[in-house]
Amino acid sequence: MATEVTESQPFKNLKELFDNLGNLRPWPGIKELRDSTDYVYSGLEISAEKKELEKLDREVQPRTLLCHDMKGGYLEDRFINGSEAYGSYLFYHWSVIDTFVYFSHHFITVPPFGWINVAHNHGVKVLGTIITEREGIWDVILESQEKVRWFADALILVAKFYKFDGWLLNVENTISSEQVNNLIYFVKYLTENIHEAIRNSEIIWYDSVTNEGKLNWQNELNSKNIDFFLNCDGIYLNYNWTKSKLENSVALAKNHNRDIHDIYVGLDIWGRGCPGGGGFNSTYALQKIRHEGLSVAIFGPGWTHEFFGFQTFQEIEDLFWAQLFPYLYVHVPIYEDEVFKTSFCRGSGSLYYRCGQPLYEQEGRNFIYKSFYNLSLQNPQISVPIPHMKFTSSPQLPEPKSENDRNECSKGPIQYVYETRKNVIRVLENVVNIENKMPMLHVNSFEFSSQFSFEGGGCIKLTTNDLTSYHRLFLVHIEFQQDIVAIIAYKEMESSIANASQHEPILVLGNNTGIKSIFHYKSKDLVSNWKECVYLTNMRTVNEIGISFARSNICYLGEVILKQKQQHLNV
């Protein structure tokens, strides 16, 4: 009997690949890529809290690729069934990502099980990585076109078996000039054949080796890397670009009748020569990339965790992505005749909750409560940034001396001070101090809370002060054949009014006919002060989900479910 697979692993060399190719061991329950609508929303409009959002044609908007590289990869995320290391890195801003790349320095990086599941559930493609950083490996592969096909077919088989969507190709070593044509043939053959084998698959070429076989990063699309670009789905440019290099890239792509959105301009959050220097100044580079109408490849999102540590991760993560959000586009996942259900769990927690109560294991006479980290348990995440996190004040960097000035922060130990409507943030190297300002008395806000949970780990804390507006949470496309019934689990903690009957959440649903506020049909008490409300609607299509209240309060949202009404109202 085959032993259970417990870890996701890379292939470290050709021998490992071909020794295992005929006996790949399946993972349990890999999720298929969720479809998304052919329209997106502007992150700028969402950040500005515009009430009516314009639907934009997805095909004509620049895209966003996220390349995750953290401490060599295959950390706690490698475990199929998760671990107890709940302080490990998470990502949850899926609504603004089109393609997720799992990167490591192993030869063939197969994305771990949990990352495939959570990305696919949010409608995000997942790519593995092929990387070589020393001579000799490609010599065998490129000996002949037959061996090229042999290797490419193996990569397609692996991707199809583990249900991910393609590869990032990163050749960081010189290639014999006699073998360059076979390398180009490899890119072409792999791209054409993976398209036939896997729907919506992608092959992305990283700007490294040239068509002369030299390892020479170009930082632009030019005559030295155009042959690779024309034979795959896109090119990921290195990080040391300038405005003129981006303009050259656009012109060359157009000359070859290629979509300029197939050019992914590298943005290194760690800095390392990227314009603006990365970190909280990453918006400097992103603005310039979007100004040219180009897609972006954001490298190293784990900076918010790896550099600053776990204790401030959530605050730093939300701050960082709130700055980028206006330059990104929100894609819309489709739930067609499928229940939409979320408890907001991000895939980790100091305790695991079920129906509002923490689970435990009995060991002898003791009851043991355990933490968890499991990306596959991440529920659908909110589509919008945490409110009021956009910087209202930030360090004034020197004015660029020219259009190609990199405008980077000083590398010395200088304290940088940022402000939002809610906080003052002081950053000195990797030490951050976040101070609260005076309470915002007339605005609504929400944030993730790990204090407790209804299901899994964590919930959403809603603070309502402005009764004329609502909390926008999800931009989705939900469609059923019958009317929709909704269920909300919530816990009210603070209120200015004693009469609790005034404080049930009001469900806000939107579609092409407008926004509707729906009051609960019935409610009941659950355990641990959680309550449940049921909502009846005459709607069969929903594009937006939000929450409002009739009174100012603080409420914890534990679960939201939208499903089809049954003939008998047993919801």
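Values in this document were obtained by computation on a predicted structure and should not be read as measured data. (Residues numbered from 1 in each chain as written. Predicted model: local features only at pLDDT ≥ 70, side-chain atom pairs only at ≥ 80, totals over all residues. Heavy atoms only, no water.)

### Let's talk about the environment of Pro 387
Part 1 of the argument: Examined against the element boundaries, Pro 387 turns out to sit in the loop between β19 (372-373) and β20 (415-419).
Part 2 of the argument: Residue Pro 387 is classed as buried on the basis of its relative accessible area of 10%.
Part 3 of the argument: C-alpha of Pro 387 to C-alpha of Leu 319: the two residues are 68 residues apart in sequence and 9.9 Å apart in space.
Part 4 of the argument: Those residues in contact with Pro 387, other than ones at most four positions away along the chain, are Glu 49, Lys 422, Asn 444, Ser 445 and Phe 446. (Helix = DSSP H or I, 4+ residues; strand = E, 2+ residues; numbered from the N terminus. Buried < 20%, exposed > 50% of the residue type's maximum accessible area, 1.4 Å probe, protein only. Contact = heavy atoms within 4.5 Å.)

### A look at the packing of aromatic side chains
Part 1 of the argument: In this structure the tally under the stated criterion is 44 aromatic pairs.
Part 2 of the argument: Centre to centre, the rings of Tyr 74 and Tyr 102 are 5.5 Å apart; their planes meet at 75°, and the pair counts as edge-to-face. Remark: Tyr 102 occurs in strand β4 (residues 99-102) and Tyr 74 occurs in the loop between β3 (64-68) and β4; sequence separation between them is 28 residues.
Part 3 of the argument: Judged by relative accessible area, Tyr 74 falls into the buried class, the value being 9%.
Part 4 of the argument: The class for Tyr 102 is buried, based on a relative accessible area of 1%.
Part 5 of the argument: Relative to Phe 299, the ring of Phe 103 has its centre 6.0 Å away and its plane inclined at 85°; by these criteria the two rings are edge-to-face. On the criterion of sequence distance, the pair formed by Phe 103 in the loop between β4 and β5 (108-109) and Phe 299 in strand β11 (residues 295-299) is long-range, its members being 196 residues apart. (Phe/Tyr/Trp six-rings, centres within 6.5 Å; stacked < 30°, edge-to-face > 60°.)

### Some points on the domain arrangement of the protein chain
Part 1 of the argument: Considered domain by domain, the protein chain is made up of domain 1 (63-73 + 93-331) and domain 2 (340-386 + 443-564).
Part 2 of the argument: The gap between the C-alpha centroids of domain 1 and domain 2 is 36 Å.
Part 3 of the argument: In this assembly, 14 residues from domain 1 lie in contact with 14 residues from domain 2.
Part 4 of the argument: Between domain 1 and domain 2 the total buried area reaches about 1,100 Å² when both faces are included, carbon and sulfur atoms providing 56% of it.
Part 5 of the argument: Applying the counting criterion to the domain 1 and domain 2 interface returns zero salt bridges.
Part 6 of the argument: For the side of domain 1 that touches domain 2, the secondary structure elements donating two or more residues are α3 (113-121), α11 (313-324) and β12 (329-336).
Part 7 of the argument: In terms of residue count, the dominant contributor to the side of domain 1 that touches domain 2 is α3 (six residues). (Domains from an automatic or database assignment. Buried area = accessible area lost by both parts, 1.4 Å probe. Salt bridge = Lys/Arg side-chain N within 4 Å of Asp/Glu carboxyl O.)

### Concerning the pattern of salt bridges
Part 1 of the argument: A full pass over the atoms with the stated rule returns 26 salt bridges.
Part 2 of the argument: A salt bridge links Lys 163 to Glu 32; the nearest nitrogen and oxygen atoms lie 3.4 Å apart. One end of the pair, Lys 163, is in the loop between α5 (145-161) and β7 (166-171); the other, Glu 32, is in the loop between α1 (14-20) and β1 (36-42), and 131 residues separate them in sequence.
Part 3 of the argument: Lys 163 gets classed as partly exposed once you look at its relative accessible area, which sits at 34%.

### Some remarks on the packing of α5 against helix α6 (residues 180-197)
Part 1 of the argument: At a minimum axis separation of 9 Å, α5 and α6 run at an interaxial angle of 35°. Of the two elements, α5 crosses α6, and the hand of that crossing is right-handed. Every residue of α6 that contacts α5 at Gln 145, Val 148, Arg 149, Phe 151, Ala 152, Asp 153, Leu 155, Ile 156, Ala 159 and Lys 160 is listed here: Asn 182, Tyr 185, Phe 186, Tyr 189, Leu 190, Asn 193, Ile 194 and Ala 197.
Part 2 of the argument: Here the contact of α5 with α6 is composed, by residue class, of 12 nonpolar, three polar and three charged. (Axes fitted to C-alpha atoms, helices over the stretch in contact; angles between N-to-C directions. Left-handed = near helix turned anticlockwise from the far one by under 90°. Nonpolar A, V, L, I, M, F, W, Y, C, P; charged D, E, K, R; others polar.)

### Details of the side chain of Ser 383
Part 1 of the argument: Relative to the helices and strands, Ser 383 resides in the loop between β19 and β20.
Part 2 of the argument: Under the relative-accessibility criterion, Ser 383 is labelled buried at 5%.
Part 3 of the argument: With residues near it in sequence (within four places) discarded, Ser 383 still touches Ser 95, Phe 325, Val 330, Leu 473, Phe 474 and Leu 475.

### Some points on the environment of Ile 518
Part 1 of the argument: Take Ile 518: it is sitting in strand β28 (residues 514-518).
Part 2 of the argument: You can call Ile 518 buried: its relative accessible area is 10%.
Part 3 of the argument: Taking the C-alpha atoms as reference points, Ile 518 and Ala 48, 470 residues apart in sequence, are found 25 Å from one another.
Part 4 of the argument: In this structure, Ile 518 is in contact with Ile 506, Leu 507, Leu 509, Tyr 535, Leu 536, Thr 537 and Met 539, ignoring residues within four places of it in sequence.

### Some words on a nonpolar patch on the surface
Part 1 of the argument: Among the surface-exposed residues, Tyr 360, Phe 367 and Tyr 369 lie close enough to one another that they form a single nonpolar patch of about 340 Å² accessible area.
Part 2 of the argument: Among the secondary structure elements, Tyr 360 is positioned in the loop between β16 (357-358) and β17 (361-363).
Part 3 of the argument: Residue Tyr 360 is classed as partly exposed on the basis of its relative accessible area, which comes to 45%. (Patch = residues over 30% accessible without salt bridge, like charges linked within 9 Å, V, L, I, M, F, W, Y side chains within 5 Å. Areas by Shrake-Rupley, 256 points an atom, 1.4 Å probe, with all protein chains shown as cover.)

### Overview of helix α9 (residues 282-291)
Part 1 of the argument: Counting buried residues in α9 gives seven out of 10 residues, a clear majority hidden from the surface.
Part 2 of the argument: Of the residues making up α9, those classed as buried are Ser 282, Thr 283, Tyr 284, Ala 285, Leu 286, Ile 289 and Arg 290.
Part 3 of the argument: Residue Gly 293 follows α9 closely and has a positive phi angle near 75°.

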